[in-house]
Amino acid sequence: STPEGSDLSDGDGARQVHPKPRRRQQSMPTESFDMPATTLASVPPPDGYDSVVANAVREIKQQITARGSCGRVVIPDWDDRYGAKLGPLRRFVESRPDKFTLTPAGDGSGDFTVAKARRPRGVAAQGGAGDVEVAAPPGDSLTACALAEIEEQLNVPKHDGRVSIPHWRTRYEPTLGSIKSFVKRWPDRFTVFAGEGRHFRVVRKGDG
């Protein structure tokens, strides 16, 4: 036998070279995978998610955290947009103590203010730290709202200086203290006159 690629003679003295046969390269079979296109629209919402409820909660939060809102929520078209499913605005807010705290005006008018729900420090909501609600409005806004309510009463013509805010204890006192102690911290705005017992009178600075 003659080795591959050896030189052979054709009888005339000419040498013929037979090249080595090329080995065929075997290609590995390839598989194609059709990956389904994933879009945000195809991702299902979390269990229990309700877009109507989420929109209502978001809109209320936007109002109560807006500068100068003082917790007042006014959604004129609530009945048209949410009423059929969620009921009256006040009832909806009261049904979500995990999100909001509702404070009645206390004057029989039916008015109310809304704040974000408060939780004890260090206590997280179910579902992770991202769901924890913080006390709101923030300190500066809460102070501004308290001052605005006091001055609103003092601006009434012939006001006798007695300040009465029925929801002070629930809305302001946990952060700002009693009305009397709060007003005393603003000597550039108010003058406090002691009365009998625990009573006192407040006048705006310069009013006398």
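Notes on the structure follow. (Residues numbered from 1 in each chain as written. Predicted model: local features only at pLDDT ≥ 70, side-chain atom pairs only at ≥ 80, totals over all residues. Heavy atoms only, no water.)

Here we come to helix H2 (residues 78-86). Residues of H2 that are buried include every one of Trp78, Tyr82 and Leu86, and no others. For H2, the buried positions fall inside an angular range of 55° around the axis, keeping them on one side. Facing away from the buried side of H2 by more than 90 degrees, the exposed set consists of Asp79, Asp80 and Ala84. Along its buried surface, H2 packs onto helix H1 (51-64) and helix H3 (89-94). In the segment just after H2, Gly87 is the residue with positive phi, at about 80°. (Buried < 20%, exposed > 50% of the residue type's maximum accessible area, 1.4 Å probe, protein only. Helix = DSSP H or I, 4+ residues; strand = E, 2+ residues; numbered from the N terminus. Arc of directions from axis to C-beta. Contact = heavy atoms within 4.5 Å.)

Moving on, we get to the packing of H1 against H2. Following both chains from N to C, one finds H1 and H2 inclined at 130°, their axes separated by 10 Å at the closest point. Viewed along their axes, H1 and H2 adopt a mutual orientation that is oblique. Judged by the sense of rotation from one axis to the other, the crossing of H1 with H2 is left-handed. Each of Val52, Val53, Asn55, Ala56, Glu59 and Ile60 in H1 lies in contact with H2, whose residues at this interface are Trp78, Arg81, Tyr82, Lys85 and Leu86. (Axes fitted to C-alpha atoms, helices over the stretch in contact; angles between N-to-C directions. Parallel < 35°, antiparallel > 145°, perpendicular 65-115°, else oblique. Left-handed = near helix turned anticlockwise from the far one by under 90°.)

Turning our attention to the state of the cysteines. With the rule as written, the count across this model stands at one disulfide. Paired by a disulfide, Cys70 and Cys145 hold their sulfur atoms 2.5 Å apart. Residues Cys70 and Cys145 share a disulfide whose torsion about the S-S bond is about -100°; that sign makes it left-handed. Taken together, the residues span a long stretch of sequence, with Cys70 in the loop between H1 and H2 and Cys145 in helix H4 (residues 139-154) at a distance of 75 residues. Like Cys70, the residue Cys145 is buried in the burial classification. (Disulfide = S-S within 2.5 Å.)

In short, the description is geometric, and any link to function would need to be established separately.
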